[in-house]
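A structural walkthrough
Residues per chain, in single letters:
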Amino acid sequence: MSEQRMLDKKIVVGVTGSIAAYKAADLVRRLQDEGAQVRVVMTKAACEFITPLTLQALSGYPVATDLLDPSQEASMGHITLARWADWIVIAPASADTISRLVQGRSDDLLSALCLASESPLAVAPAMNNKMWENQATQDNINILQSRDVHIIGPGSGIQACGELGEGRLIEPLELIAELARLMVPAKLQGKRVLITAGPTYEPIDPVRFIGNRSSGKMGFAVAKAAIEAGAIVTLVAGPVHLTTPNGVKRVNVETAQQMCDAVMTDIEQFDIFVACAAVADYRPEQIESNKIKKTQSANLQLNLKATQDIVSTVAEQKTRPFIVGFAAETQSVTDYAQQKLQRKKLDMIAANQVGDGVGFAEDDNALQVFWESGSEVLPLAPKTQLARDLMTLIIERYDAKDST
Ligand code: C5P
């Protein structure tokens, strides 16, 4: 059997009223396989879908269902359970339970337990897709996230009600993978990470600009991975329409010069700088104040001037952060990346092939990462996962450099 990722972790599994309640049985078993000690709390509605006896048999302990049951209070009431739990995981979490958590209710065992506990709380929503999309539920989810509750899922697909959409309980194996990741102690606690993301737009005249196809997805995923690792994160973003990951301070910019200015403000405060942005290498030397008119001439000449290289400017600072650059290349990826690592005096460079539908706007990517004394391939994966793998490498190299 593989390594137990939750050895001796005390986990309360809260089960609420949803057709997906049956999946809690699988979840309990798999948590135990990971080495966790599990106690189950069920709401009244959950007991309509699956019997407490099933979960009692699987967990090996009586299932708590009532807030005011004298026999249960004597063994493990809400306060005792709240103190016992290293983690509380509500799966499935119904729309009703989610809104009760938002309100801070305490009129049933599960709500009272969550209110009384200081332990981390993970919530795996499960409901009809219209209920999930309803602004009331979305507002509730945002409020829970702002209180540092971990929302895991939901997944999408065919639902029990026959509709297609988002709202399915995330599969137990995926839920466990996410929990295991969250349980790893945050390695960048208290560290400050600065990230650039997206393209830059270099104005030609009031309506036109020179831009590029960077979507910003990788930089935003890196920002999220840094937050997950416990860092304090600032994201300097070029013009992209992406949601800011929770907890990230975002600074919006448009041009290379604005990005450079934003980066250089307080640069000495940062421990790690990840330059994901596809910064324009050249900008029009002159920005026309009026829209350039079409003429009879077949050609139009624009004079371009090199922009300031942001990552190199950071690398030249006396007290410089650990610097990670990116290299998006259409050919000779390894050679160009290694040259860039040295020329720009980077600590690490993440290279990828772009063009022909690979790279920029895609959700998946692969990276080849180089540093002075080594390299590693991060195989094709969704950018969110790839960013986590990259962050793991960054932390390793940052720690190695820090200890020399
Ligand atoms: O030289 P090239 O643009 O290929 O280098 C890419 C790396 O340099 C990326 O990390 C990118 O964010 C950074 N860069 C920069 N400022 C520029 C151009 C590139 O920080 N003006």
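For the structure, see preceding data.
My aim in this report is to walk through the structure given alongside it, one point at a time. Quick caveat: nothing in here was measured; it's all calculated off a predicted structure. Each chain carries its own residue numbering, running from 1 in the written order of its sequence. pLDDT decides what is reported in this predicted model: residues at 70 or higher carry local features, side-chain atom pairs at 80 or more are listed and counted, and totals for whole chains, interfaces and linings draw on all residues regardless. Only hydrogens and water are removed before side-chain values are computed, so all heavy atoms of the structure are retained for them.

Together, Tyr282, Leu302 and Leu304 make up an exposed nonpolar region whose accessible area comes to about 280 Å². The secondary structure listing takes helices from DSSP runs of H or I that are at least 4 residues long and strands from runs of E that are at least 2 residues long, numbered from the N terminus. Structurally, Leu304 can be placed in strand β15 (residues 304–306). In this analysis, a patch consists of residues with relative accessible area above 30% that form no salt bridge, clustered at 9 Å for like charges and at 5 Å for the nonpolar side chains Val, Leu, Ile, Met, Phe, Trp and Tyr. Computed with a 1.4 Å probe, the accessible areas rest on the Shrake-Rupley method; for each residue, only the protein chains presented here act as cover. Salt bridges, as used here, are contacts in which a Lys or Arg side-chain nitrogen is within 4 Å of a carboxyl oxygen on Asp or Glu.

It is the rolling of a water-molecule-sized probe over the atoms that shows where space remains empty. Buried and open spaces are told apart on a 1 Å grid over the protein atoms alone, a cavity being a set of points where a 1.4 Å probe fits but cannot get out and a pocket being an open set with protein on both sides within 12 Å along at least five of seven lines. Residues with an atom within 4 Å of a point are the lining residues. Grid points are joined across faces, edges and corners, and a volume is the space filled by probe spheres set on the points. Counted by the stated rule, this structure contains one cavity of 30 Å³ or more. Space inside the largest cavity adds up to approximately 30 Å³. Together, Thr43, Thr97, Arg100, Leu101, Asp108, Leu110 and Ser111 line the largest cavity. Going through the elements one at a time, α6 (95–103) and α7 (109–116) are the ones with two or more residues in the lining of the largest cavity. Looking at the lining of the largest cavity, the element that brings in the most residues is α6, giving three residues. Residue polarity follows a fixed list, in which Ala, Val, Leu, Ile, Met, Phe, Trp, Tyr, Cys and Pro are nonpolar, Asp, Glu, Lys and Arg are charged, and the others, Gly among them, are polar. Here the residues of the lining of the largest cavity are counted per class, giving two nonpolar, three polar and two charged.

A sheet is described by the order of its strands in space; here five strands give the open sequence β2-β1-β3-β4-β5, paired in parallel fashion. Each having just a single partner strand, β2 (37–42) and β5 (150–151) make up the two edges of the open sheet. Two strands pair under a simple rule: DSSP has to find at least two bridges between them. Bridge analysis of strand β3 (residues 87–93) against strand β4 (residues 121–125) gives four bridges, and the strand direction is parallel. In the sheet register, Ala93 faces β4, and the bridge partner there is Pro125. By the convention used here, residues are in contact when the closest approach between their heavy atoms is within 4.5 Å. Note on geometry: axes are lines fitted to C-alpha atoms, helical ones only across the stretch in contact, with angles between N-to-C directions running from 0 to 180 degrees. In the packing of helix α1 (residues 23–33) onto the sheet, contacts are made with β1 (10–15), β2 and β3, and the angle to β1 comes to roughly 175°.

A separate point is α7. Note on exposure labels: buried denotes an accessible area under 20% of the residue type's maximum, exposed denotes more than 50%, and partly exposed covers the range between, all computed with a 1.4 Å probe on protein chains only. Burial analysis of α7 places six of its eight residues in the buried class, the great majority of the element. Taken together, the buried positions of α7 are occupied by Leu109, Leu110, Ser111, Ala112, Leu113 and Cys114. Those residues of α7 that are buried lie in contact with β1, β2, α5 (78–84), β3, α6 and β4.

Quick look at the nonpolar core now. Ranked by size, the top nonpolar core spans 37 residues in total, and within it Val193, Ile195, Val222, Val274, Val369, Met391 and Ile394 carry the most contacts. Mapped onto this core, the elements with two or more residues apiece are β8 (192–197), α11 (217–228), β11 (232–237), β13 (272–275), β16 (322–329), β17 (348–353), β18 (364–371) and α15 (383–402). Sorting elements by how many residues they give to this core places α15 first, with eight residues. The criterion is simple. A nonpolar core is a set of buried Ala, Val, Leu, Ile, Met, Phe, Trp, Tyr and Cys residues joined through side-chain atoms within 4.5 Å. In terms of nonpolar packing, the next biggest core, distinct from the first, is built from 33 residues, Leu31, Ile50, Val89 and Leu169 among them.

As a volume, the largest pocket reaches approximately 1900 Å³. The wall of the largest pocket is formed by 50 residues, among which Glu178, Arg181, Lys224, Glu228 and Arg388 lie closest to the centre. Elements with a minimum of two residues in the lining of the largest pocket: α9 (135–146), β5, α10 (172–183), α11 and α15. If you tally residues by element for the lining of the largest pocket, the top one is α15, at nine residues. Of the residues in the lining of the largest pocket, the class split is 22 nonpolar, 14 polar and 14 charged. Here the second largest pocket is characterised by a volume of approximately 910 Å³. Lining the second largest pocket are 41 residues, with Ala277, Ala278, Val279, Phe326 and Ala328 positioned closest to its centre. Secondary-structure elements contributing two or more residues to the lining of the second largest pocket are α11, α13 (310–315), β16, α14 (333–343), β17 and β18.

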